[in-house]
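Understanding the architecture of this molecule
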Amino acid sequence: MNITVTLFAQMLAFGLLIWFVNKVMWGPLSGLMEARQKRIADGLAAAEKGKHEQELAEKRATELLKEAKDQAQEIVAQGQKRASEIVEEAKDTARAESERIIAAANAELEREVNQAKEALRTQVAAIAVAGAEKILKREIDAKAHEDLLNDLAARI
Amino acid sequence: MTWNLDTIFISIALGALMVVVGGRVARNATDGVPGGFQNFVESILEFVQTQVKDSFPGHNPLIAPLALTIFVWVWLMNFMDLIPVDLLPLIGSWLGLPYLKVVPTTDLNTTLAMALVVFGLTLFYNIKVKGLGGYLKMFLFHPFGKFAMPANIVMTAIEEVAKPLSLGLRLFGNMFAGELVFLLIALLGGAAALGAGLLIWFPLQVVLDLAWLLFHILVITLQAFIFMVLTIVYLGMAHTTDH
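Notes on the structure follow. No experiment lies behind these values; they were computed from the predicted model shown.

Some thoughts on the overall build of chain A
- Counting its secondary structure elements, chain A contains two helices and zero strands.
- Classification of the 156 residues of chain A by burial places 13% in the buried group.
- Accessible surface, chain A as shown: approximately 12500 Å² in total, 60% of it carbon and sulfur.

What follows is the structure, given as structure tokens:
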């Protein structure tokens, strides 16, 4: 239990041990731990940054989507407008065409009626002449009465 | 000139064990995800670092390794206390050693040596930080102001000397007493080695030994921790300029 020269030996040993621990254990390990702490901090910062960027990208995507929707709506509206225009145009064309056809048909009809009237007129003239021939029982000079007959046929 | 070779040998062997194991961990360590033992060592390092950060003002790269050395070395030396008291001396006697003190911290030389090294460091940093004049001024004016100079000198001198003494004696006393209790418990069975008393004394010894062992795990850790924290605090006091 006495204080002996062991005291100095132990002091020396203690001092050396501190030096060794610092050199071999504390130095490298605390350096490593600091490096790891830095890496973790960097990683967290990067994650934060990534999150922020993702938020920005999401925002941008929403904006783009909205823009696209607006554009699509515009295009649809334009298309609908154009379609109704086309329909109107087609209707107009059809109406014009039908009028044209009706007009042509009317003209044809009139022409035919006139033709028929003409034919009838000549026939009536002939019938009238024949009737008159039969009634009068004598020959009537058709040439002498042509004016009269023509006048008669025109009245039909 | 007495060399307590048992104390010196065991303490140096434990110190070497600490350096070799710690060095191997440090060499194989990665700054990525740490494996099992590296994790353990790093948690001790972090624990010590936290203590230093909490109780040491300013920055000194020596303090943390010093605290780590004290904590681990003292703990290892204290841990020898938990090995059955007669086991290592028995092995020693087979090797021809007539006497073997197993726990280096039950040798006052060890604890006082560490305390004196700490004391030397406090002196060094006191003078380095405050200057020789500043340190001496502390002796003159410290507790009671300038009108009680002689009393101040005595008080501060006692205070300064009491630091290493209490540091060394506390560890020594705790460990010595603990070892003594282990010895007494070991004597229980031995005293009744022959005869029917063994039936009572032997189980009692086992139970008592277990209880004291469990309690002592706490004590050795606590003592190592106290030694470390007080060292940090003393050195921190040496680093503060206005007292």
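Past the structure itself, the notes keep going.
Observations regarding the overall build of chain B
- A count of helices and strands for chain B gives seven helices and zero strands.
- Order of helices (α) and strands (β) in chain B, N terminus to C terminus: α-α-α-α-α-α-α.
- Relative to its full complement of 243 residues, chain B shows a buried share of 42%.
- Sequence-distant contacts in chain B: of pairs separated by 6 or more residues, those separated by 24 or more amount to 73%.
- Carbon and sulfur atoms provide 76% of the accessible area of chain B, an area that totals close to 12500 Å².

Section: a nonpolar patch on the surface
- On the surface, a cluster of nonpolar side chains totalling about 560 Å² of accessible area is made up of B:Leu87, B:Leu90, B:Ile91, B:Trp94 and B:Leu95.
- Following the sequence through the fold, B:Leu87 ends up in helix α4 (residues 87-94).

Quick look at the environment of B:Asn60
- Here B:Asn60 lies in the loop between α2 (36-55) and α3 (63-79).
- Dropping the residues within four chain positions of it, B:Asn60 is found in contact with B:Tyr125 and B:His239.

With respect to the packing of helix α1 (residues 6-136) of chain A against helix α1 (residues 5-28) of chain B
- Packing of α1(A) against α1(B) leaves a shortest axis separation of 9 Å and a crossing angle of 10°. Classed by the angle they form, the pair α1(A) and α1(B) counts as roughly parallel. Residue-level contacts link A:Thr6, A:Ala9, A:Gln10, A:Ala13, A:Leu17, A:Phe20, A:Val21, A:Val24, A:Met25, A:Pro28, A:Leu29 and A:Leu32 of α1(A) to B:Thr7, B:Ile8, B:Ser11, B:Ile12, B:Gly15, B:Met18, B:Val19, B:Gly22, B:Gly23, B:Val25 and B:Ala26 of α1(B).
- Per-class residue counts for the contact of α1(A) with α1(B) are 16 nonpolar, seven polar and no charged.

Overview of the interface of chain B and chain A
- Residue-level contacts link 46 residues of chain B with 28 residues of chain A.
- One can count one salt bridge joining chain B with chain A.
- Between B:Glu42 and A:Arg36 there is a salt bridge, and its shortest N-O distance comes to 2.7 Å.
- Summed over the shared surface of chain B and chain A, the number is one residue pair in polar contact (both at pLDDT 80 or more).
- Secondary structure elements with two or more residues in the side of chain B that touches chain A: α1, α2, α3, α5 (108-141) and α6 (149-191) of chain B.
- Top element by residues in the side of chain B that touches chain A is α1(B). It accounts for eleven residues.
- Of the residues that constitute the side of chain B that touches chain A, the class distribution is 27 nonpolar, 15 polar and four charged.

Regarding the pattern of salt bridges
All names here are of chain A.
- Taken as a whole, this structure holds nine salt bridges over all chains when the rule is applied.
- Of the charged contacts in the structure, one is a salt bridge between Glu85 and Arg82, with a shortest N-O distance of 3.1 Å. With Glu85 and Arg82 both in helix α1, this residue pair falls three residues apart, about one helical turn.
- Looking at Glu85, the relative accessible area reads 37%, which means it is partly exposed.
- Between Asp92 and Arg95 there is a salt bridge; the shortest N-O distance is 3.4 Å. Taken together, the positions of Asp92 and Arg95, both in helix α1 and three residues apart, correspond to about one turn of that helix.
- According to the relative accessible area criterion, Arg95 is partly exposed, its value standing at 48%.

Rules and cut-offs
Residues numbered from 1 in each chain as written. Chains lettered and ligands numbered in written order. Predicted model: local features only at pLDDT ≥ 70, side-chain atom pairs only at ≥ 80, totals over all residues. Heavy atoms only, no water. Helix = DSSP H or I, 4+ residues; strand = E, 2+ residues; numbered from the N terminus. Buried < 20%, exposed > 50% of the residue type's maximum accessible area, 1.4 Å probe, protein only. Areas by Shrake-Rupley, 256 points an atom, 1.4 Å probe, with all protein chains shown as cover. Contact = heavy atoms within 4.5 Å. Patch = residues over 30% accessible without salt bridge, like charges linked within 9 Å, V, L, I, M, F, W, Y side chains within 5 Å. Salt bridge = Lys/Arg side-chain N within 4 Å of Asp/Glu carboxyl O. Axes fitted to C-alpha atoms, helices over the stretch in contact; angles between N-to-C directions. Parallel < 35°, antiparallel > 145°, perpendicular 65-115°, else oblique. Nonpolar A, V, L, I, M, F, W, Y, C, P; charged D, E, K, R; others polar. Polar contact = N/O pair within 3.5 Å; in protein donor to acceptor, adjacent residues only side chain to side chain.

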